Structures are given as structure tokens and as C-alpha cells.
Amino acid sequence: MTTSKALRQRDIDHVVHPYTNFKTLAANGPLVIERGEGVYIYDDQGRRYLEGMAGLWSTSLGFSEPRLAEAAARQFAKLPYSQIFGGRSHEPGILLAEKLTSIAPQGLNHALFANSGSEANDAAVKIVWYYNNQRGRPARKKLIARYQGYHGVTVAAGSLTGLPHVHADFDLPIAQLRHTDSPSYYHYARDNETVEQFVERIAANLEDLIQKEGPDTIGAFFAEPVMGSGGVIVPPPGYFERVQAILKKYDILFVADEVITGFGRTGEMFGSFTYGLKPDMMSVAKALSSSYLPISALLMTDDIYNAVADGSAKNGAFSHGVTYAAHPVCAAVALETLAIYEERNIVGHVKQVSPRLQSGLQALQNHPLVGEVRGVGLLGAVELTTSKAARRGFDPKLGFGAYVQNRALEHGVVVRAIRDAVVVCPPLIINDAEIEELLDGLRRALDDGLTHARKQGWL
Ligand SMILES: Cc1ncc(COP(=O)(O)O)c(C=O)c1O
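Some points on the pairing of strand E9 (residues 281–284)
Taking every second residue as pointing to the same face, both faces of E9 are buried, with Met281 and Ser283 on one and Met282 and Val284 on the other. Pairing of strand E8 (residues 253–257) with E9 involves three bridges; the strand directions are parallel. Opposite Val255, over in E9, you have Met281 as the bridge partner. Sheet topology note: the E9/strand E10 (residues 296–301) ladder contains four bridges and is antiparallel. Looking at the pairing, Met281 lines up with Met300 of E10.

With respect to helix H11 (residues 239–249)
When we look at burial in H11, the residues that qualify are Tyr239, Phe240, Val243, Gln244, Ile246 and Leu247. Along H11, the residues classed as buried sweep out an arc of 160 degrees about the axis, all on the same side. Among the exposed residues of H11, those oriented more than 90 degrees off its buried face are Glu241, Lys248 and Lys249. Contacts from the buried residues of H11 go to strand E5 (142–146), helix H10 (195–213), strand E7 (218–223) and E8. Once H11 finishes, Asp251 follows within two positions and takes phi at roughly 55 degrees, a positive value.

Some details on helix H17 (residues 432–456)
Helix length check: H17 (25 residues) gives 36 Å between terminal C-alpha atoms against 36 Å at 1.5 Å per residue, within 8%. Every buried residue of H17 is listed here: Glu434, Ile435, Leu438, Leu439, Gly441, Leu442, Ala445, Leu446, Gly449, Leu450, His452 and Ala453. If you check the start of H17, you find a side-chain oxygen 3.2 Å away from the backbone N of Ala433, and it comes from Asn431. Phi turns positive one or two residues past the end of H17, at Gly457, with a value near 75 degrees.

As for the site of the ligand
Inspection of the region around the ligand gives Ser116, Gly117, Ser118, Asn121, Tyr150, His151, Gly152, Glu224, Asp257, Val259, Ile260 and Lys286 as its neighbouring residues. Here the ligand has 390 Å² of accessible area as a free molecule, and 83% of this is covered by the chains. For the shell around the ligand, the element with the most residues is helix H6 (residues 117–134), which contributes three residues.

Comments concerning the pattern of salt bridges
Under the definition given, this model contains 26 salt bridges. A salt bridge links Glu65 to Arg344, with the nearest nitrogen and oxygen atoms 2.9 Å apart. Of the two residues, Glu65 is situated in the loop between helix H3 (54–57) and helix H4 (66–78) and Arg344 in the loop between helix H14 (328–343) and helix H15 (346–362); the sequence distance between them amounts to 279 residues. What makes Glu65 buried here is its relative accessible area of 9%. Between Glu336 and Arg67 there is a salt bridge, with the nearest N and O atoms lying 2.9 Å from each other. On the criterion of sequence distance, the pair formed by Glu336 in helix H14 and Arg67 in helix H4 is long-range, its members being 269 residues apart. Accessibility expressed as a relative area gives 22% for Arg67, which makes it partly exposed. What you see here is one network of salt bridges that share partners, running through Lys142, Arg178, Lys212 and Glu213.

Here's the deal with the environment of Tyr324
With respect to the helices and strands, the residue Tyr324 is situated in the loop between helix H13 (302–315) and H14. Relative accessible area serves as the criterion here: at 47%, Tyr324 is assigned to the partly exposed category. Separated by 29 residues in sequence, Tyr324 and Ile295 have C-alpha atoms that sit 8.6 Å apart. Leave out the neighbours within four places in its chain, and Tyr324 touches Tyr81 and Asn115.

Remarks on the domain arrangement of the protein chain
Here the protein chain is described as being made up of domain 1 (31–64 + 345–456) and domain 2 (67–343). Measuring from the centre of the C-alpha atoms in domain 1 to the corresponding centre in domain 2 gives 26 Å. Each side of the interface is counted separately: domain 1 has 37 residues, and domain 2 has 36 residues. On the domain 1 side of the contact with domain 2, Trp57, Leu61 and Arg391 bury the most area, a combined 23% of that side's loss. On the surface where domain 1 and domain 2 come into contact, there are one salt bridge. Note that Lys351 and Glu268 form a salt bridge whose closest N and O atoms lie 2.8 Å from each other. Our enumeration of links across domain 1 and domain 2 arrives at 19 residue pairs in polar contact (both at pLDDT 80 or more). Breaking the side of domain 1 that touches domain 2 down by element, the ones donating at least two residues are H3, H15, strand E11 (370–376), strand E12 (379–384), strand E14 (416–418) and strand E15 (421–424). Ranked by residues supplied to the side of domain 1 that touches domain 2, first place goes to E11 with five residues. Partitioning the side of domain 1 that touches domain 2 into residue classes produces 19 nonpolar, eleven polar and seven charged.

Focus: the nonpolar core
Membership of the largest hydrophobic core comes to 65 residues, with the highest contact counts inside it found for Leu96, Leu100, Phe263, Leu288, Leu361 and Leu446. Here Phe263 is in contact with Leu100, Ile103, Met269, Phe270, Val284, Ala285, Ala287, Leu288, Leu338, Tyr341 and Leu428, once residues within four sequence places are set aside. Ala123, Ile127, Ala145 and Leu160 belong to the second-largest nonpolar core, a separate cluster that totals 23 residues.

Some points on the sheet that holds strand E13 (residues 413–414)
A sheet is described by the order of its strands in space; here four strands give the open sequence E1-E2-E3-E13, paired in mixed fashion. Both edges of this open sheet fall to strand E1 (33–37) and E13, since each of them pairs with a single strand only. As judged from the four bridges shared by E1 and strand E2 (residues 40–43), these two strands associate in the antiparallel manner. The partner of Gly36 across the bridge, within E2, is Ile41.

The rules behind the values
- Residues numbered from 1 in each chain as written.
- Predicted model: local features only at pLDDT ≥ 70, side-chain atom pairs only at ≥ 80, totals over all residues.
- Heavy atoms only, no water.
- Buried < 20%, exposed > 50% of the residue type's maximum accessible area, 1.4 Å probe, protein only.
- Helix = DSSP H or I, 4+ residues; strand = E, 2+ residues; numbered from the N terminus.
- Pairing = 2+ DSSP bridges.
- Arc of directions from axis to C-beta.
- Contact = heavy atoms within 4.5 Å.
- Expected span 1.5 Å × (residues − 1).
- Polar contact = N/O pair within 3.5 Å; in protein donor to acceptor, adjacent residues only side chain to side chain.
- Near = heavy atom within 4 Å.
- Areas by Shrake-Rupley, 256 points an atom, 1.4 Å probe, with all protein chains shown as cover.
- Salt bridge = Lys/Arg side-chain N within 4 Å of Asp/Glu carboxyl O.
- Domains from an automatic or database assignment.
- Buried area = accessible area lost by both parts, 1.4 Å probe.
- Nonpolar A, V, L, I, M, F, W, Y, C, P; charged D, E, K, R; others polar.
- Core = buried A, V, L, I, M, F, W, Y, C linked by side-chain atoms within 4.5 Å.

Okay, here's the thing in C-alpha cells:
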């Protein structure tokens, strides 16, 4: 079916698009995607694109995994919905909680389900507060997250997010939030500062913040192992070691947001394994179901679970939960996703193919537009710059990142521009030839960008 001009206009008239400039949308119209196959998607004009962003960092098994459709169909036919409030349960929910906690970092033995990453992080905030109330530490309510971090958009999760545009005019962040340094050496290192000195400085800033606020007022620290929507910021060596030592010293809970990094993305099952994290809670979503259906989970330790249980006794119930928690069809699809990861050794596959992506990206370091190349596993970014020496970005008003992103689309690959970072996060099933195709499209887009920037006199 070819989407008519009239249908596009109906989209513009009625759909409120997330993360969209409505004026640009009205001028250009939506890109309507009709179907998917493997790592490719097809628009309504029949054009094929290699989906180098796996949707929203999420469609790990690509766009046509029949086993997930079959798992959904089986569960739809058997029990399309049931709930887990007040002691009700069902098999897919039980099996998924058991499986997830068996593969998670040690000690995360309990799973609270929801629908999205934002909800899982919002629940984590509430549980930090609930936990500290049960443990007789009611003053420990402040939350520390990082500039450039992304944790979602709901009131608490949006507050954790350290990106100004997510706060602007929404009256966020909430009062309990404090933000600390981003670990991006490229963006925030001082002149002549070594990586070690940079890590020391931002760790000291974190400790200063904790002391200034009062350690007894801090509930938790939230971090993504690798920042995604902040522009693929890979933590410098030693960073999390220093941060975790500080958190331990002041008895502050650590919540790892593995919504992007979970399930093989970094070359281990979780980013926590790649970077030696020992979180007290961990949020997962996206690749939990290969994004075929919405489901998320917040995993927690026995200690936190026990406090939640104490609260349920004190208050008559743990009065938190959403209608679709552990939705049986979503849970069945997530279980099948995890089974496929295991059977196909998806972590092994990522280990095998990711060096090709990373070395291909590294080769772009010599491109005149590229200031830095970052990445780990099947996650990567090239940072656009007008001056390699000064590490200067483009004026955001020029929309240069978007230009490069659009050129990539013209060359048949989906990449995403996040300010000056052009990022890739392909489905985990991508093979060597497809990685070459993705890199080729990106290279051509950068070359187009260079010609354009020179023509405009921006360089
Ligand atoms: C690290 C991280 N946390 C949380 C979220 C929010 O997830 P959702 O969009 O499912 O609410 C995202 C979404 O991109 C994310 O990247």
C-alpha cells in the first residue's frame, strides 16, 4: 500500500509525535515505515533502509523474527490478559521473573514489571524513597544523576534525565534531583588534563556534592553504563570504580539503567558486566522483548525487596503497580527473546562482529569532520567538529547533525544525530556485510556533510 498525501496530512493533523519539531514535520511530512525484514525496514514508497539504530536502540533481533510472532500468537490464544495484583499470577510472568533474575548481575533476585523504561526508572525512584522510609532513614530522599544521562520522560525519570531540552517548560526536574558531571572526556576535559586527572576531578566533584548536600540526605545515584541518548558516552577507564567506592562510602544506593545496554549490546549480557558494576537496582526494557511488545522490569536485591515487603505489611499492601505489569503476552515474547539470545549465543555473536563496527568507526577518525570516535560492542558514535584541535561543535541552529542524518537516509542507512554526535546502534543480529553497508552509508553521509559545510563556509 502506498501512503497517500492525504494520509500524511491526517498524520500531521492528528498524531502528536514524540521528540519532534512540529513545524519541520508539517513542512516535510512523516517518513512512513511499512514493513521490516532482518536488519532492514521499508518505507511506503518501497525504499529499503538498513536500520542502524534498531528502532530506538531496541529491536535487537531485527524486524522479522517469526518465533516472537508465534510466541505472541500462542499466548494470545491461551490467555491474552491477566493481572498480577493482590496475589494473582500467571506462568509467563513467573518464568520471566525467574529467568531474568538468573541472568542478571548477582544479587538482583526480584523483578517488578512495567511497560517502559521510564516507568521502570520512575518506580526505582519511588522504591528508593519507600526503602529509606522502611529502613528508618526518611531524610535520604535526594537523587543524583548525571548531565547528558537519559532515563526517560515521566516526572521522576524525566527529572533524572540530564538533558535541558527534556526539562524545558515541563517544570522539571523535581526538587529532589541533583545532577553531577557527565563522564565525557571529549566534551568536558580541561586543556592538558589526562583521562586519569579528569576521572579524579569528576569523582571529587561527586564527593563534594554529596558532602555539601549532606550524605544522610542522598538516597540513590542513577547511571547508564554507557550513556545512549546523551550521544553514546563511553565511561573512561576507572570512572565507575571511583564512583562506586564513593557510593559505598556514603551508603548510597546505585541504580543501573540498562535500558539500552542490557542483553548483549556492549558485548556482555549486561553493561554492568562490561564495566564491573554492582547495582542495587537495575532497569531493563527495549531489548528485553526485542521491542516487539512493550515490557520493562526493575530488578532489585533481597535487601530492597525485604524493605518493600516490610512496607506492604505496614501499609496493608505495596500500593504500586500498573495494569499491564507482566502482561502475559509481553512476558511470553520476552521469554522467547531471552531463549533466542541463549540458543543463538547472541553475546558471542556481538563479540564476534562488533570489532568490525568499532574498527570501521575508528577509521573515520581521520575524516576532516570527525573529532572523536566512541563505542563499545554494537554501539558507536562519531562526533562532528568544526575544529579537531578545539573540539568545537557546530552551531546547533545550523541543524548540521540532522543534515548528515538525512544524507545517510538518502544512502539507505538509518543513523541518528544527537547534537554533534552521529550514533549507530544496529540490531544485534547484524552480520559483517551489513556492518560494512552501514559504515559505507555513514561514510558517504559524512562526505556529503563535508561538501555541504565547506560550501556554506562553516569550516
Ligand atoms: C537509558 C534509557 N533509560 C530509559 C529510557 C526510557 O525508556 P522508554 O522510552 O521505554 O520510557 C530510555 C529510552 O531511550 C533509555 O535510553
